[in-house]
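Next come the chains, spelled out residue by residue.
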Amino acid sequence: MSYTTERQPQGMERNIETFLREGMIAEIVAIDDYSHFISLTDNKEVKDIFYQIMKREKVHYGMFLDALRKVDREEGELKRKIYSEINIYSKQKYKESTKVEKGDLLDAIRILIKGELEAIILYEEFINNIKDQSIVCIINQIIREEKEHVEELTKALTTIDEDSYGPISEVSHRGMIYRKNK
């Protein structure tokens, strides 16, 4: 699928899974925009506004992914698989073990998630237009691997980022508790 700008997907809904993934892409773009804008100013009040909006965009991303995991059984299964295989122990270890700025790494992870989601949408569109079942099988395997990448990157993102991603996170923030999916 092509995107006419880096801002938003084209919104060509094919099925509910595509709609949800496109929503996730839109939220990732918004999160990265706000993160970038925060870095452009020293004005505390403006930074606070950008930061508060960005936190909500993260919750929106989590809401889309939570819904996708319920609709796409394979995505939900991969989430459970990834969370049992990959261990990222703490935010503190991240801070100690890298010279990359935290915001830069989080932005990079979101860009990578966006690319994986775009690939899934593109490959699912391919399947809808291909009759050769051997090619469909190959593309389905690739799609499964791309979904696994989304789950791996999301685990890294939600572990490193101190902010909540709604229903896929577990943090206490200003009295609100968000649960992790099980």
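Above this note sits the structure.
Worth saying up front: this structure is predicted, and the values here are computed from it rather than measured.

Undergrad: Would you explain the environment of Glu22 in this entry?
TA: On the secondary structure map, Glu22 appears in helix α1 (residues 16-39). Sequence separation between Glu22 and Ile121 is 99 residues; the distance between their C-alpha atoms is 8.2 Å.

Undergrad: Quick question: what am I supposed to make of the pattern of salt bridges here?
TA: Opposite charge on two side chains lets them pair, provided their charged atoms get close. The full count for this structure, using the stated rule, is 18 salt bridges. Between Glu74 and Arg144 there is a salt bridge, with its nearest N and O atoms 3.0 Å apart. Here Glu74 is found in helix α3 (residues 73-85), whereas its partner Arg144 is found in helix α6 (residues 133-160), with 70 residues between them in sequence. Beyond isolated ion pairs, a larger network of salt bridges with shared partners links Arg21, Asp72, Glu74, Glu75, Glu124, Arg144 and Lys147.

Undergrad: What is the right way to read helix α2 (residues 44-71) from this model?
TA: Note on helix geometry: an α-helix contains 3.6 residues per turn, so any two residues three or four positions apart are oriented the same way. Its 28 residues give α2 an end-to-end C-alpha distance of 41 Å, which sits within 8% of 40 Å, the value for a rise of 1.5 Å per residue. Those residues of α2 lying buried are Met54, Lys55, Glu57, Lys58, Val59, Tyr61, Gly62, Phe64, Leu65, Asp66, Leu68 and Arg69. Near the N-terminus of α2, the side chain that reaches the backbone nitrogen of Glu45, with its oxygen 3.0 Å away, is that of Asn43.

Undergrad: Looking at this structure, how should I read the environment of Leu112?
TA: In this structure, Leu112 sits in helix α5 (residues 102-128). As for Leu112 and Leu153, which are separated by 41 residues in sequence, their C-alpha atoms are 7.6 Å apart.

Undergrad: Looking at this structure, I do not really get the packing of α1 against α2. What am I missing?
TA: Working note: a packed helix pair is described by the angle between its axes plus the distance between those axes. Interaxial distance between α1 and α2 falls to 8 Å at its minimum, and their mutual angle equals 160 degrees. The angle between α1 and α2 falls in the class roughly antiparallel. Considering how the two elements wind past one another, α1 and α2 form a crossing that is left-handed. Residues of the contact of α1 with α2, tallied by class, amount to 20 nonpolar, three polar and six charged.

Undergrad: How should the packing of α2 against α6 be read in this particular structure?
TA: For the pair α2 and α6, interaxial distance at closest approach is 13 Å and the crossing angle is 140 degrees. Considering their axes alone, α2 and α6 lie oblique with respect to each other. Judged by the twist between their axes, the crossing of α2 over α6 is left-handed. Facing α2, whose interface residues are Tyr61, Leu65 and Arg69, α6 presents Val150, Glu151 and Thr154. Class assignment for the residues of the contact of α2 with α6 results in three nonpolar, one polar and two charged.

Undergrad: What am I meant to see in the side chain of Asp163 here?
TA: Here Asp163 is to be found in the loop between α6 and β1 (172-173). At a separation of 2.5 Å, a polar atom in the side chain of Asp163 contacts the side chain of Tyr51. Engagement of the side chain of Asp163 in a polar contact is seen with the side chain of Lys58, the distance being 3.1 Å. Setting aside its immediate chain neighbours within four residues, Asp163 contacts Tyr51, Met54, Lys55 and Lys58.

What counts as what
Residues numbered from 1 in each chain as written. Predicted model: local features only at pLDDT ≥ 70, side-chain atom pairs only at ≥ 80, totals over all residues. Heavy atoms only, no water. Helix = DSSP H or I, 4+ residues; strand = E, 2+ residues; numbered from the N terminus. Salt bridge = Lys/Arg side-chain N within 4 Å of Asp/Glu carboxyl O. Expected span 1.5 Å × (residues − 1). Buried < 20%, exposed > 50% of the residue type's maximum accessible area, 1.4 Å probe, protein only. Polar contact = N/O pair within 3.5 Å; in protein donor to acceptor, adjacent residues only side chain to side chain. Axes fitted to C-alpha atoms, helices over the stretch in contact; angles between N-to-C directions. Parallel < 35°, antiparallel > 145°, perpendicular 65-115°, else oblique. Left-handed = near helix turned anticlockwise from the far one by under 90°. Nonpolar A, V, L, I, M, F, W, Y, C, P; charged D, E, K, R; others polar. Contact = heavy atoms within 4.5 Å.

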